[in-house]
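# Structure assessment
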Amino acid sequence: MTVGESREHTASYYAATANAATDFPRLRGEHHCDVVVVGGGFTGVSTMLHLAERGYDVVLVEANRLGWGASGRNGGQLIDGFVNDDRIEKRFGKSAAEMTHRMGLECRNIVVKRIEQYGIDCDLTYGFIDLALRPADVKEFAERAEEYARSQYPHEIRVVPKDDVPKHVGSKSYIGGLINMGNGHLHPLNLCIGEATAAIELGAKVYEQSRVTRIHHGEKPRVDTDTGRVHAGKIILAGNAYLGRTEPKLSGYVIPAGSYMMATEPLSEALASELLPTNMACCDQRSALDYFRLSADGRMLWGGLCNYSGRRPKNIADSLRPSMLKVFPQLADARIDYQWGGNIAISINRIPQFGRIKGNTYYIQGYSGHGVAPTHIAGKIMADIVGGDSEEFDLFARVKHWYLPGGKWFANPAVALGMLYYRIKELL
Ligand SMILES: Cc1cc2nc3c(=O)[nH]c(=O)nc-3n(C[C@H](O)[C@H](O)[C@H](O)COP(=O)(O)OP(=O)(O)OC[C@H]3O[C@@H](n4cnc5c(N)ncnc54)[C@H](O)[C@@H]3O)c2cc1C
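Calculation rules
Residues numbered from 1 in each chain as written. Predicted model: local features only at pLDDT ≥ 70, side-chain atom pairs only at ≥ 80, totals over all residues. Helix = DSSP H or I, 4+ residues; strand = E, 2+ residues; numbered from the N terminus. Expected span 1.5 Å × (residues − 1). Buried ≥ 20, exposed ≤ 12 C-beta atoms within 10 Å, placed from the backbone. Near = placed C-beta within 6 Å. Nonpolar A, V, L, I, M, F, W, Y, C, P; charged D, E, K, R; others polar. Pairing = 2+ DSSP bridges. Core = buried A, V, L, I, M, F, W, Y, C linked by C-beta atoms within 7 Å. Contact = placed C-beta atoms within 7 Å. Axes fitted to C-alpha atoms, helices over the stretch in contact; angles between N-to-C directions. Parallel < 35°, antiparallel > 145°, perpendicular 65-115°, else oblique. Left-handed = near helix turned anticlockwise from the far one by under 90°.

Turning to helix α10 (residues 374-387), a few remarks are in order. In a regular helix each residue adds 1.5 Å, so 14 residues correspond to 20 Å; α10 covers 20 Å between its end C-alpha atoms and thus fits that length. Taken residue by residue, α10 has Pro374, Thr375, His376, Ile377, Ala378, Gly379, Lys380, Ile381, Met382, Ala383, Ile385 and Val386 as its buried positions. Once α10 ends, the next one or two residues include Gly388, with phi positive near 120°.

Shown next as structure tokens:
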């Protein structure tokens, strides 16, 4: 939790339009269960639901509110892919890369299946377009389209030439696009709460405003909050960028970086369909990228400004507006109704980190900015490992990760410098 942040949701568009506000009790007294999950974002909730579906007795303990962290604040862009498969192939061989490729497809499918199975009302809309700012992006799109065709990718893929960009994005900024009709966008907080509701109906228990302050590993695993304890056969740590010093061993492996969003007032139908006529989720290809889409009530949801220094901008909207107006000068007079930020956990090699601490505690963290879909396969893998076996977990647990002694305070300047290097490379 960032110093000074409230235990209630940040004042985001999502919190203002949630289907329901959650108000689960604080953890008090002694509790016993098969598995205790620490953290109620997509990782924790997805794990809880996978476990509840398999009949485990699960307790989830959340420091603030369900979806309070990145899961309730993000761009809502549902994008498949788990990890860079080429990197996995170089290090672990072809069959490992095939496995991560399958995981990349499955993570998106889990989200879609759950929305259907549990009737979750979260504005799921298909259609995603990657946008090109440079000729190198256009070349890469052509290569990716070929790769999709070779791998018999199951969803419609279309390369968009420069002249056709305005059919999808009413801006002069882009020189090409790559459409993926399997991906899309949704209301992330409503998805998170909807999945938690499904798990609770299957018997899982949730405690909110209950920060875990101590973890007891070993033969008799237990987590403590200020007012209660949960004794469990296994512990799953799902605090990602917000876990802080709860498990000091983990904090040096990820760097919490800020990403920021704002929502305009609802736009007129004419303006909304001039800006994004096909209502797709959009991203450019830079390392510090702009990402944007329309909300169900016709607002422009604009995100970007990834900040690796750990410093939050004084005024988020003032900082984001110039990039939005560069792309869409048509929004010069649009009022900004909401502005907010959240933390993502960066893993230096961009590979999510799975591992085990002293026998019965498992963790997953470090999605590095792309987590709506990946957290869902991560939850499945966590449920598999609780059951005793997961090939995927074993593969990822073998990946070596950089440890940055001193945690985020020493690490962030180093990452800021690294990102500067990539930005300069992009400019050149
Ligand atoms: C502004 C923004 C935009 C983004 N846009 C996208 C996007 O469009 N598409 C995409 O795929 N990804 C996006 N991401 C990334 C994505 O949101 C994350 O990767 C994903 O939500 C991580 O989920 P999580 O459950 O692991 O972590 P979180 O959602 O951060 O949840 C962690 C939870 O753990 C709790 N917690 C921590 N410590 C404790 C403790 N000691 N005791 C109890 N509870 C604890 C926290 O309160 C928090 O609720 C974005 C992220 C941000 C911040």
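Following the structure, the description resumes.
Our focus in this paragraph is the site of the ligand. Not every one of the 44 residues close to the ligand is listed here, only the nearest: Gly39, Gly41, Gly69, Gly75 and Gly371. Secondary-structure elements contributing two or more residues to the shell around the ligand are α2 (42-53), β11 (255-264) and β15 (336-346). A breakdown of the residues in the shell around the ligand according to their chemical character gives 18 nonpolar, 23 polar and three charged.

Here the focus is the pairing of β15. Counted residue by residue, β15 has nine buried out of 11 residues, so it is predominantly covered. By the bridge criterion, 10 bridges tie β11 to β15 in an arrangement that is antiparallel. Looking at the pairing, Gly258 lines up with Asn343 of β15.

What follows deals with unusual backbone geometry. With glycine set apart, most residues show a phi of negative sign, and most peptide bonds adopt trans. A positive phi is found at Gln152, a non-glycine position, where the angle reads about 50°. Relative to the assigned elements, Gln152 resides in the loop between α5 (135-150) and β5 (157-160). Phi is positive for Ser368, close to 60°, though the residue is something other than glycine. Structurally, Ser368 can be placed in the loop between β17 (361-365) and α10. Residue Ser368 is classed as buried on the basis of its 21 C-beta neighbours within 10 Å.

Residues Val36, Val38, Met48, Val58 and Val61 are the most contacted members of the largest nonpolar core, which totals 117 residues. Excluding its chain neighbours within four sequence positions, the residues that come into contact with Val38 are Val61, Val212, Val223, Ile235, Ile236, Leu237, Ala238 and Gly239.

The next thing to look at is the environment of Val206. Positionally, Val206 belongs in strand β7 (residues 205-207). Through-space distance from the C-alpha of Val206 to that of Met103 is 28 Å; in sequence the pair is 103 residues apart. When sequence neighbours within four positions are dropped, the list of residues in contact with Val206 reads Phe24, Gly40, Leu60, Glu62, Leu66, Ala196 and Ile200.

Looking now at the environment of Met48. Turning to its location among the elements, Met48 is positioned in helix α2. With 10 residues separating them in the primary sequence, Met48 and Val58 have C-alpha atoms 6.5 Å apart. For Met48, the contacting residues outside a window of four places in its chain are Val37, Val58, Leu60, Ala199 and Ala204.

Another point: α2. Taking 1.5 Å per residue, 12 residues should reach 16 Å; α2 reaches 16 Å between its end C-alpha atoms and fits that length. A large share of α2 lies buried, amounting to 11 of its 12 residues. Here the buried face of α2 lies against β1 (29-38), β2 (58-61), α6 (188-201), β10 (228-237), β17 and α10.

To continue, consider the packing of α2 against α10. Across the interface, α2 lies against α10 with an axial gap of 8 Å and an inter-helix angle of 45°. One way to sum up the angle between α2 and α10 is to call them oblique. Crossing of α2 over α10 shows right-handed handedness. On the side of α2, the interface is formed by Phe42, Thr43, Ser46, Thr47, Leu49, His50 and Leu51, while α10 contributes Thr375, His376, Ala378, Gly379, Lys380, Met382, Ala383 and Val386. Looking at the contact of α2 with α10 residue by residue, the class counts come to seven nonpolar, seven polar and one charged.

So far we have only geometry, and geometry alone does not tell us how the molecule works.
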